[in-house]
Amino acid sequence: MEELTLEQQKTMSSRDLLNYYLGKSYDDARHAHENGKLVCWSTSIAPSEFCETMDVCLVYPENHAAAIGAKKGALDMIDAAEKLGYNPDICSYARVNLAYMELLAEEARTGVTPKELADCPAERIPLPDFILVCNNICNTLLKWYENIAAELGVPYIIIDVPYNHTMPVPQYYKDYIRSQFGYAIHQLEEICGKPFDYDRFQKVMEQTQRSVAAWDKAMSMADVKPSPMKGFDIFNYMALIVCARSKKDSEIVFNRFTEEMEAKIAAGEDAFKGNEKHRLTWEGIACWPYLGHTFKALKNLGINMTGSTYPGSWSMHYHPGNLDEMATAYATVYGNTCLENKVKVISDVVKAGKCDGVAYHLNRSCKLMSFLNVEIADLVKKETGTPFVNFDGDQTDPRNFSEAQFDLRMQALSEVMDSRKEEDK
Ligand code: SF4
């Protein structure tokens, strides 16, 4: 796809720019080999700076699986994965992607496109030339991506980030992670067949910081009461902070989004047209196959999602060139930290978003994220005084979510929030 001119950029809405740049990232990957580039499948919060420096096209299987889920194509992939012997208790992102990988490999072997691949509603992605894994969100990723590398016979780069049982991050953790940055660079030089360009690396880190600053500002628009943004825009725009965090593309989109929100605030408009009754923190991943249902169920109750731990997961703050700080940023991703830190992070999100309640997604796929949520919920309530509910779900396996249960739990939360407001009068 051609680059947009500055004039074109100025006339486009943030939503159109988002769709354009997301489409472009997939298109770039599909045409990578024609343009002399390699394709890397990367975990969603692995340091993108190294591959970006080497001009590698990054593809994010978690993003792609989420898109398949949101477009209602997950069940085909999940069935294919389970027929291959993958257990239903494995993360559904992994099952969707492992099936997709097997179907791509089958097509490459036979020259025939399998039906499930032809019918897949999401953008097509190419097979990877190598894999980049950072286990700063969970350890499922290690085996999922290791399996891909073994099946396809491609190189596998790991950046191993220890779990933070205490905060702040000790120096020996930073040293350990930095040493792996060095080894990843060495592996990249071998895979790409060219030396690592440290001047370009500096510029990529600077761009990453500009993109992250633009993302922070855009997402902070939810804090305004009433909110000019529909909270589910966090889920929509997040795709770009995942796949273009080190590119100018994301900075352009997030700055435009902020401009649009600021214009709404100046005009006295809000997302719910005066009907924002309650504000909610949603803890956990979206239920992608039910994005429309969950949004509408909340909106019908006048509930806007103005808090989420998601935006902060891609807010990698460091001074460009300071690799200790970069190691710390990638090590302290929310999901990789201890109970005390999680409680603090969610409590801060609840307060910043001026939330009246919290909904915890007990995600059957994501054991790590869900594991502590029951305990976290009580502690956050003690800290913030906000009521909460849990609901069962899954980010991509549609079999693990009940619309009726979700609606009932949100109704109950809404009634508690109503009575809290009455008491406060
Ligand atoms: S287990 Fe959770 S953190 Fe890990 S890949 Fe799946 S959804 Fe992501």
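Please refer to the structure higher up on the page.
Let us look at the structure shown here. (Residues numbered from 1 in each chain as written. Predicted model: local features only at pLDDT ≥ 70, side-chain atom pairs only at ≥ 80, totals over all residues. Heavy atoms only, no water.)

**Observations concerning the packing of helix H11 (residues 233–243) against helix H12 (residues 248–266)**
Reasoning step 1: Running from N to C, H11 and H12 cross one another at 155°; their axes reach a closest spacing of 9 Å. One finds that H11 runs roughly antiparallel with respect to H12. Between H11, through Asp233, Tyr237, Leu240 and Ile241, and H12, the contact on the second element is made entirely by Asp249, Ser250, Val253, Phe254 and Phe257.
Reasoning step 2: Residue composition of the contact of H11 with H12, grouped by class: six nonpolar, one polar and two charged. (Axes fitted to C-alpha atoms, helices over the stretch in contact; angles between N-to-C directions. Helix = DSSP H or I, 4+ residues; strand = E, 2+ residues; numbered from the N terminus. Parallel < 35°, antiparallel > 145°, perpendicular 65-115°, else oblique. Contact = heavy atoms within 4.5 Å. Nonpolar A, V, L, I, M, F, W, Y, C, P; charged D, E, K, R; others polar.)

**Structural notes on the packing of aromatic side chains**
Reasoning step 1: Scanning all chains against the criterion turns up 23 aromatic pairs.
Reasoning step 2: Ring centres of tyrosine 172 and tyrosine 173 lie 5.4 Å apart, and the angle between their planes is 85°; this geometry places the pair in the edge-to-face category.
Reasoning step 3: In this structure tyrosine 172 comes out as exposed when scored by relative accessible area, which is 59%.
Reasoning step 4: Look at phenylalanine 232 and phenylalanine 235: their rings are 5.1 Å apart centre to centre, the planes differ by 75°, and that puts the pair in the edge-to-face class. Side by side, phenylalanine 232 and phenylalanine 235 carry an identical accessibility label, which is buried.
Reasoning step 5: Among the aromatic residues, those joined into a cluster by ring pairs are Phe232, Phe235, Trp282, Trp288, Tyr290, Phe295, Tyr310, Trp314, Phe391, Phe401 and Phe406.
Reasoning step 6: Directly above the aromatic system of phenylalanine 272 lies the positively charged group of lysine 299, at a separation of 5.5 Å from the ring centroid.
Reasoning step 7: One Lys or Arg, lysine 342, reaches over the ring of tyrosine 334 and ends 5.8 Å from the middle of that ring. (Phe/Tyr/Trp six-rings, centres within 6.5 Å; stacked < 30°, edge-to-face > 60°. Buried < 20%, exposed > 50% of the residue type's maximum accessible area, 1.4 Å probe, protein only. Lys NZ or Arg CZ within 6 Å of the ring centre and 35° of its normal.)

**Quick word on the side chain of glutamine 9**
Reasoning step 1: By the element assignment, glutamine 9 lies in helix H1 (residues 6–11).
Reasoning step 2: Its relative accessible area of 12% is what places glutamine 9 among the buried residues.
Reasoning step 3: Residue contacts for glutamine 9: discarding those within four places in its chain leaves Leu4, Leu17, Tyr21, Ile252 and Arg256.

**A short note on the pairing of strand S1 (residues 39–42)**
Reasoning step 1: Because side chains alternate across S1, one face comprises the buried residues Val39 and Trp41, and the other comprises Cys40 and Ser42, equally buried.
Reasoning step 2: Examined bridge by bridge, S1 and strand S2 (residues 57–59) share three bridges and lie parallel to one another. By the bridge assignment for S2, valine 39 is matched with cysteine 57.
Reasoning step 3: The pairing of S1 with strand S3 (residues 130–134) spans three bridges and is parallel. What sits directly across from serine 42, in S3, is leucine 132. (Pairing = 2+ DSSP bridges.)

**Points about helix H4 (residues 61–70)**
Reasoning step 1: The element H4 is largely enclosed, with a buried count of eight among its 10 residues.
Reasoning step 2: All of the buried residues along H4 are Pro61, Glu62, Asn63, His64, Ala65, Ala66, Ile68 and Gly69.
Reasoning step 3: Directly beyond the C-terminal end of H4, a positive phi value near 65° is found at lysine 72.

**Focus on the pairing of strand S4 (residues 156–159)**
Every regular strand shows the same layout, with side chains that alternate between the two sheet faces.
Reasoning step 1: The pairing of S3 with S4 spans four bridges and is parallel. Paired with valine 133 across the strands is isoleucine 158, a residue of S4.
Reasoning step 2: Assessed by its sense of winding, the connection that carries the chain from S3 through helix H8 (residues 140–152) to S4 is right-handed. (Right-handed = clockwise from strand over helix to strand, strands pointing away.)

**Brief notes about the sheet that holds strand S8 (residues 388–393)**
Reasoning step 1: Spatially, S6-S5-S7-S8 is the arrangement adopted by the four strands of the open sheet, whose pairing is parallel. Taken across any chain shown, the strands that pair with only one partner, and hence form the sheet edges, are strand S6 (303–308) and S8. Pairwise comparison of adjacent strand axes, ignoring direction, gives a mean angle of 30° for this sheet.
Reasoning step 2: Of the pairings in the sheet, the one linking strand S7 (residues 357–363) to S8 comprises six bridges and is parallel in character. When the bridges of S8 are listed, valine 358 appears paired with phenylalanine 388.
Reasoning step 3: Its contacts with the sheet place helix H16 (residues 339–352) against strand S5 (278–283), S6 and S7, and it is angled at close to 155° to S5.

**Considering the site of the ligand**
Reasoning step 1: Close contacts around the ligand come from Cys91, Tyr93, Ile137, Cys138, Thr140, Leu141, Trp144, Ile285, Ser365, Cys366, Met369 and Gln395, and that covers them all.
Reasoning step 2: Among the elements that line the shell around the ligand, the one with the most residues is H8, at three residues.
Reasoning step 3: In terms of residue class, the shell around the ligand is built from nine nonpolar, three polar and no charged. (Near = heavy atom within 4 Å.)

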